Structure formats: structure tokens, C-alpha cells
Amino acid sequence: MTTLPTTLAEIVDDFQNVTERERLELLLEFSRELPELPARLADHPELLEQVVECQSPLFLTIEVDDDADRTVNLFFSAPPEAPTTRGFASVLNEGLNGQPAQIILDVPDDMPEQLGLTRAITPLRMRGMTAMLGRIKRKIREAL
């Protein structure tokens, strides 16, 4: 069985240990914590790729360091009026940013379902988060 990176596993545990209603509140908290893009990316939106499966505009890109672990840096852009999308992006950012490439590639594709939001969030929104993870993995494979 594939295990999640420690930080992401802790986030999943946090979601699983609260009620369904509290999970939505937790997702909203995460939405407020999504880091802004650095100026070098904010000034060049063409460097980001849109995840069209998301109901709200979500753009992302990655950078893979040239170190031994091939550390991955994640960057997301989503409007403040899209708290669900921002929340999902923030969960992935907090749980995966700075991890070695192989660790991220090993994250199960169904990880978003482990948050326990499938009854509280529409299937289209869940598909968006799954697509974010898939896009991150594809971009890592391309970079390697």
C-alpha cells in the first residue's frame, strides 16, 4: 500500500477526524492560506497551465530542483471567490510542496477522496482536485 507524505497524511487525518460540516470549514481555512504567486510567475501567466477540469479558474505550474531528491516546488493561482478550488489547491500545496518528485508521483490518484468530502462537495469539484493532482504528476514526469 502506498503511503502519503507525512504532511499530507496529517492533513488527511485532520479532515477525517472532524464532522462533514467541519470538513467544509477546514477546506475554507485552507483556501485562505494559499500562497500568492511569486512576482516572476504572477507577471507571466503564460507560464502557468490551466486545469480545465476545475469549475473555477485554477492555474498551476511546478519547478523541479536539480538536487539529488529532485525536490518539487508547486505554484497555484485561483481567485478568492473560488474558495473550494483554492482550498483544494492549498491542501495539495501544503501537503506536497517541497517533497521529492518520486514521493509525489507515489501519492495515490484517489487521495482527494481520502479527505472525506465526497458527500459534501459535488462530483465535478472532486474531479477538479483529482485533476490538479494528475496535472502535477504529469508535469513532474515531463520535467524528469
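Conventions adopted
Residues numbered from 1 in each chain as written. Predicted model: local features only at pLDDT ≥ 70, side-chain atom pairs only at ≥ 80, totals over all residues. Heavy atoms only, no water. UniProt positions renumbered as here; feature names shortened; annotations may be inferred. Axes fitted to C-alpha atoms, helices over the stretch in contact; angles between N-to-C directions. Helix = DSSP H or I, 4+ residues; strand = E, 2+ residues; numbered from the N terminus. Parallel < 35°, antiparallel > 145°, perpendicular 65-115°, else oblique. Contact = heavy atoms within 4.5 Å. Nonpolar A, V, L, I, M, F, W, Y, C, P; charged D, E, K, R; others polar. 1 Å grid on protein atoms, 1.4 Å probe; cavity = no way out; pocket = protein on both sides within 12 Å on 5 of 7 lines; lining within 4 Å. Points joined across faces, edges and corners; volume = space filled by probe spheres on them.

Under the annotation held in an unreviewed UniProt entry, the chain carries the name Cysteine desulfuration protein SufE and is attributed to Neomicrococcus lactis. What the UniProt record of the chain gives under Sequence similarities (unreviewed entry) is the line "Belongs to the SufE family."

### Re the packing of helix H2 (residues 20-32) against helix H4 (residues 83-96)
Where H2 meets H4, the closest approach of the two axes is 7 Å, and the angle between their N-to-C directions is 75°. If you check the angle between H2 and H4, you find them roughly perpendicular. Along its contact with H2, which presents Leu27, Leu28, Phe30 and Ser31, the element H4 presents Pro83, Thr84, Arg86, Gly87, Phe88, Ser90, Val91 and Glu94. In terms of residue class, the contact of H2 with H4 is made up of six nonpolar, four polar and two charged.

### A closer look at empty space enclosed by the protein
In this approach, a probe sized like a water molecule rolls over the atoms, and the result shows the empty space that is left. Under the counting rule described, the total for this entry stands at one cavity of 30 Å³ or more. Here the largest cavity is characterised by a volume of approximately 40 Å³. Taken together, Cys54, Gln55, Thr85, Phe88, Arg125, Gly128, Met129 and Met132 make up the lining of the largest cavity. Those elements that place two or more of their residues in the lining of the largest cavity are H4 and helix H6 (123-143). Broken down by element, the lining of the largest cavity gets its largest block of residues, four residues, from H6.

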